[in-house]
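Descriptive structure summary
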Amino acid sequence: MIELTRMTETDYDLFMEISKKVFMDDQVKAGHWRAEEAEGAMQQLVNEILPEGDTTPDHTFYSIRADSEIVGGLWLMLERDGGNLIWFVVDIEIYPDYRRRGYAQQAFLVMEENARQAGIRAITLHVFEHNLAARALYEKLGYSGEGTDLLKRL
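These numbers come from a predicted model, not from an experiment.

Definitions and cut-offs
- Residues numbered from 1 in each chain as written.
- Predicted model: local features only at pLDDT ≥ 70, side-chain atom pairs only at ≥ 80, totals over all residues.
- Heavy atoms only, no water.
- Buried < 20%, exposed > 50% of the residue type's maximum accessible area, 1.4 Å probe, protein only.
- Helix = DSSP H or I, 4+ residues; strand = E, 2+ residues; numbered from the N terminus.
- Pairing = 2+ DSSP bridges.
- Right-handed = clockwise from strand over helix to strand, strands pointing away.
- Core = buried A, V, L, I, M, F, W, Y, C linked by side-chain atoms within 4.5 Å.
- Salt bridge = Lys/Arg side-chain N within 4 Å of Asp/Glu carboxyl O.
- Axes fitted to C-alpha atoms, helices over the stretch in contact; angles between N-to-C directions.
- Contact = heavy atoms within 4.5 Å.

1. Regarding the pairing of strand β5 (residues 120–126)
Of all 7 residues in β5, 5 are buried; the element is thus mostly enclosed. As judged from the 5 bridges shared by strand β4 (residues 84–94) and β5, these two strands associate in the parallel manner. Along β5, the bridge assignment pairs Trp 87 with Ile 123. As for the winding sense of the linkage, the β-α-β connection from β4 through helix α3 (residues 103–117) to β5 is right-handed.

As structure tokens, this is what we get:
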């Protein structure tokens, strides 16, 4: 059974270390950043998006737990579209030792139920074109859209 719990400061630090590395690698692989510029670009982006770190308003960080063990992390950003509240999945990471066990899918199902209870109308996300496994998972869960931006209405 998967649970989403608010990250501790230690959990946040680990998650961000992994999240930033994966995102830099994806940006380089997609041709958006050059490898030698990736760290600087990443730090600038984090400073812009999270000026107050894990306490930045409208950003929420969850640890993904399976049997009380932290297996990954989930970063959500609250957006507003008129009177509708939307969650944007900034990142989901299942840590390397726990991959290929269905934890990402289970975490999404728990997140979607939490979203419905919180009055969230839709969940959006971005998936890199080269990340075919993630795209397949999102489509299986009912996310759709053009290009790299996907949406699921709740």
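From this point, the discussion proceeds with the structure in view.
2. A word on the nonpolar core
The biggest cluster of nonpolar side chains holds 44 residues, and the ones touching the most others in it are Ile 64, Leu 74, Phe 108, Met 111, Tyr 138 and Tyr 143. The element contributing the most residues to this core is α3, with 7 residues.

3. Some words on the pattern of salt bridges
According to the stated counting rule, one finds 8 salt bridges in the structure shown. Put simply, Arg 80 and Asp 58 hold a salt bridge, and the shortest N to O gap is 3.2 Å. Taken together, the positions of Arg 80 in strand β3 (residues 69–81) and Asp 58 in the loop between α2 (38–49) and β2 (59–66) put the pair 22 residues apart, joining distant regions of the chain. Since its relative accessible area comes to 34%, Asp 58 is described here as partly exposed. Between Arg 116 and Glu 113 there is a salt bridge whose closest N-O contact spans 3.8 Å.

4. As for the sheet that holds β2
What holds strands together in a sheet is hydrogen bonding between their backbones, with the strands either parallel or antiparallel. Across the sheet, which stays open at both edges, the 6 strands sit in the order β1-β2-β3-β4-β5-β6 with mixed pairing between neighbours. Of all the strands in the sheet, the pair left with one neighbour each is β1 (2–6) and β6 (149–153). Averaged over all pairs of adjacent strands, the angle between strand axes in this sheet comes to 30°, irrespective of strand direction. Bridge count between β1 and β2: 5 bridges; the pairing is antiparallel. Residue pairing for β2: Ile 2 is matched across the bridge by Ala 66. Across the sheet, α3 touches β1, β2, β3, β4, β5 and β6, and the angle it forms with β4 is around 160°.

5. Some remarks on the environment of Trp 75
Checked against the element boundaries, Trp 75 lands in strand β3. With relative accessibility at 6%, the residue Trp 75 sits in the buried group. In sequence terms Trp 75 and Met 7 are 68 residues apart; their C-alpha atoms lie 9.8 Å from each other. The residues contacting Trp 75, other than those within four sequence positions of it, are Phe 15, Met 16, Ser 19, Ile 49, Leu 50, His 59, Thr 60, Phe 61, Phe 88, Val 89, Val 90 and Asp 91.

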